[in-house]
Amino acid sequence: MVAESILGLSERSQSNEEAVAKRLWPIFEPYIRQLCAQTAHVQLARVLLYRVGEDEEVFDKALTGPALTKILAARQNSVLGRVYLATEALESVRNRMQSFLPSIFMLGEFDWWLVKTEYRPGLTNGQRAWLLPQDEEFERLNNALLQRMNRYTFQGVDVDIWRNLYENYLPEDERQRLGGFYTPDALVNLVLDLADYKSEAQGICKLSFIDPSCGSGAFVTTALGRLLTHLSKPMPCHQELYSRNESPIQRLESTLRTVSRNANGVDIHPFASFLTTLNVLFAVLPLYVRARRDNPDFAMDFNIFAWDSLEPPSDEPKDQLPMFAQMNSRIQRTDDAFDRYRNVLRTKFDRVFGNPPWGGVLKGPLAPVYDTKKKQTFKTIYKSAAQGKYDVYGLF
């Protein structure tokens, strides 16, 4: 479709950047706007998470109260240049939180807007002039976000805050614009019950599970809730947790390691996988905080990945890493995440849960099923399903 649009221009216009951009904008505009909306929600999620930690007295005060007032009252201009106080405060928090929650705070696809301080001296005068109004707008928005969040107290907040916020306060059309489609709780619980994945069932702590099209994580987080309830009860299948030799902190760490090992999710959309990670994090946050208080060196990460689970991982990461990820130095986790993902997909899982997409946001000229190379790969791997005009649901 992109090539067809360009070929529809006159030969002279095809070499005119402005004419080509004007012709292509309608094709890419919905995807660009969706990326911008998702970026804003990632920024909000990070601030919300840190604010909950501040009010629970887990994290140092940095984004609220006198600490925030002091930061925002500092001088914005000096002989060394402009200082974007709110933006720098958020970047400072993100840097400090990387080792605690790498899945959320390490730089990724949604940090495309950030031009780090160390790269700015190399910019041309023209680039600096272009960047100035962008910086000022980001600073205005970040300042407004911090001021608004400072009005609320998050102490004792329900760990389902993020899911509740999305389901109760975000309009349906905005959720769809973000690519969010939710499986009803009743259906999720029915599927888990039919799979005999119940908190009272003997041995579910030994079962690994995956949702290969996890969306915002309905199946992953509900199954995780059942697993945590299961592990909280002394049962023969995990009797080692309750042995006299196991201290409370060791029991806590073992529980979190079981969660990290057993729960897995994949979604083709980076924002969906981010939401799943966030929802999983909120589910285990009280336990993780207690573990870190007793053992600051304890760390955990989650096997939630943004990838096409229909496509088997290559032995060469560079073959499959999106070009954007390969060329963008802001994406820190790509190589490591790919190695972990490759190992996960070579695992034989005990349970596979999910509600695969009926096309949905995968439709359109930018969808992977429209990719000729991928279509050929799918025909080779899924011979019985990849016939004629097929929906991606059939492949799952």
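Everything in this summary refers to the structure shown in the same document. All values reported here derive from a predicted model rather than from experimental measurement. Every chain is numbered independently, its residues counted from 1 as its sequence is written. It should be noted that, the model being predicted, local features are given only for residues of pLDDT at least 70 and side-chain atom pairs only at 80 or more, the latter also being counted only at that level, while totals for whole chains, interfaces and linings use all residues. Each side-chain value is worked out from all heavy atoms of the structure, with water and hydrogens disregarded.

A closer look at the overall build of the protein
Point 1. Strands here mean DSSP runs of E at least two residues long; helices mean DSSP runs of H or I at least four residues long; both are numbered from the N terminus. The helix and strand inventory of the protein stands at 18 helices and 6 strands.
Point 2. Within the span of the protein, comprising 396 residues, buried residues form 46% of the whole.
Point 3. In the protein, the proportion of contacts linking residues at least 24 apart, taken out of those at least 6 apart, comes to 74%.
Point 4. With the model as given, the accessible surface of the protein reaches about 21,800 Å², and the carbon-plus-sulfur share is 53%. Working definition: with a 1.4 Å probe on protein chains only, accessible area under 20% of the residue-type maximum means buried, over 50% means exposed, and in between means partly exposed. Residue contacts follow a heavy-atom distance rule, with two residues in contact if any of their heavy atoms lie within 4.5 Å. Areas reported here follow the Shrake-Rupley algorithm with a probe of radius 1.4 Å; residue values treat only the protein chains shown as occluding.

Examining unusual backbone geometry
Negative phi values dominate among residues other than glycine, just as trans dominates among peptide bonds.
Point 1. For Glu57, which is not glycine, the phi dihedral falls at a positive 60°.
Point 2. With respect to the helices and strands, the residue Glu57 is situated in the loop between α3 (17-55) and α4 (65-72).
Point 3. Phi is positive for Asp196, which is not a glycine, with a value near 55°.
Point 4. Topologically, Asp196 is positioned in the loop between α10 (185-194) and β3 (209-211).

Notes on the nonpolar core
Point 1. We define the nonpolar core as a collection of buried residues of types Ala, Val, Leu, Ile, Met, Phe, Trp, Tyr and Cys that are connected through side-chain atoms lying within 4.5 Å of one another. Formed by 69 residues in total, the largest nonpolar core has its most connected members in Leu49, Leu63, Met97, Leu101, Ile104, Tyr197 and Leu256.
Point 2. Per element, the largest residue contribution to this core is 13 residues, and it comes from helix α13 (residues 270-294).
Point 3. Contacts of Ile104, omitting those with residues within four sequence positions, involve Arg46, Leu49, Phe274, Thr277, Leu278 and Leu281.
Point 4. Ile210, Val266, Phe338 and Phe349 belong to the second largest nonpolar core, which has 8 residues in total.

A short note on the side chain of Asp55
Point 1. Within the secondary structure, Asp55 sits in helix α3.
Point 2. Overall, Asp55 belongs to the buried group, its relative accessible area being 10%.
Point 3. Separated by 3.0 Å, the side chains of Asp55 and Arg51 make a polar contact.
Point 4. Excluding residues within four positions of it along the chain, Asp55 makes contact with Lys61, Tyr152, Thr153, Phe154 and Gln155. What qualifies as a polar contact is a pair of N or O atoms within 3.5 Å, subject to a donor-acceptor requirement within protein and to the restriction that residues adjacent in sequence count only when both atoms come from side chains.

With respect to the packing of α10 against helix α11 (residues 218-231)
Point 1. Here the axes come from fitting lines to C-alpha atoms, over the contacting stretch only for helices, and the angles between their N-to-C directions go from 0 to 180 degrees. Packing of α10 against α11 leaves a shortest axis separation of 10 Å and a crossing angle of 60°. When the axes of α10 and α11 are compared, the pair comes out oblique. Of the two possible hands of crossing, α10 and α11 adopt the one that is right-handed. Together, Val188, Asn189, Val191, Leu192 and Asp193 of α10 and Ala218, Phe219, Thr222, Ala223 and Arg226 of α11 make up the contact between the two elements. Angular relationships are summarised with four words: roughly parallel below 35 degrees, roughly antiparallel beyond 145, roughly perpendicular across 65 to 115, and oblique for the angles in between. By definition, turning the near helix anticlockwise from the far helix through less than a right angle yields a left-handed crossing, and turning it clockwise yields a right-handed one.

Things to note about the pattern of salt bridges
Here the idea is simple: oppositely charged side chains can pair when their charged atoms come close.
Point 1. Counted as salt bridges are all cases of a side-chain nitrogen of Lys or Arg within 4 Å of a carboxyl oxygen of Asp or Glu. Under the defined criterion, the tally for this structure stands at 12 salt bridges.
Point 2. Residue Arg51 is joined to Glu54 by a salt bridge in which the shortest nitrogen-to-oxygen separation is 3.2 Å. Taken together, the residues span about one helical turn, with Arg51 and Glu54 both in helix α3 at a distance of 3 residues. Assigned by exposure class, Arg51 and Glu54 land together as buried.
Point 3. Between Arg257 and Glu253 there is a salt bridge; the shortest N-O distance is 3.9 Å. Linking Arg257 with Glu253, this pair stays in helix α12 (residues 248-262), spanning 4 residues, or about one helical turn.
Point 4. Here Arg257 falls in the partly exposed class, since its relative accessible area comes to 42%.
Point 5. Look at the salt bridges and you will find they share partners, linking Arg51, Glu54, Asp55 and Lys61 into a network.

Examining the sheet that holds β3
Strand pairing in a sheet relies on backbone hydrogen bonds, with the paired strands running either antiparallel or parallel.
Point 1. Being paired, for any two strands, means DSSP has found at least two bridges between them. Across the sheet, 4 strands lie side by side as β5-β4-β3-β6; this open sheet has parallel pairing. Edge positions in the open sheet fall to β5 (303-306) and β6 (351-352), since each of these has one partner strand only.
Point 2. Across 2 bridges, the pairing between β3 and β6 is parallel. Bridged to Phe209 within β6 is Arg351.
Point 3. Set on the sheet, α11 makes contact with β3, β4 (263-267) and β5; between it and β3 the angle comes to about 155°.
Point 4. Across the sheet, α12 touches β3, β4 and β5, and the angle it forms with β4 is around 35°.

Notes on a nonpolar patch on the surface
Point 1. Residues enter patches when their relative accessible area tops 30% and they take part in no salt bridge; the joining distance is 9 Å for like charges and 5 Å for the nonpolar side chains Val, Leu, Ile, Met, Phe, Trp and Tyr. Where nonpolar side chains cluster on the molecular surface, the patch consists of Leu187, Leu190 and Leu194 and spans about 300 Å² of accessible area.
Point 2. Looking at where Leu190 falls in the secondary structure, it is placed in helix α10.
Point 3. Relative accessible area serves as the criterion here: at 45%, Leu190 is assigned to the partly exposed category.

Remarks on the side chain of Asn262
Point 1. By the secondary structure assignment, Asn262 is in helix α12.
Point 2. Looking at Asn262, its side chain comes within polar contact range of the main-chain oxygen of Cys205, at 2.8 Å.
Point 3. Among the polar contacts made by the side chain of Asn262, one reaches the main-chain carbonyl oxygen of Leu207 at a distance of 3.2 Å.
Point 4. Look past the residues within four positions of Asn262 in its chain and what remains in contact with it is Ile204, Cys205, Lys206, Leu207, Ser208, Phe209 and Leu227.

Let's talk about helix α5 (residues 85-97)
Point 1. Given a helix with a known number of residues, its expected span is that number minus one, times 1.5 Å. Here α5 contains 13 residues, and its C-alpha end-to-end distance of 18 Å stays within 8% of the 18 Å for a straight helix at 1.5 Å per residue.
Point 2. Within the span of α5, buried status applies to Leu85, Ala86, Thr87, Ala89, Leu90, Glu91, Val93, Arg94 and Met97.

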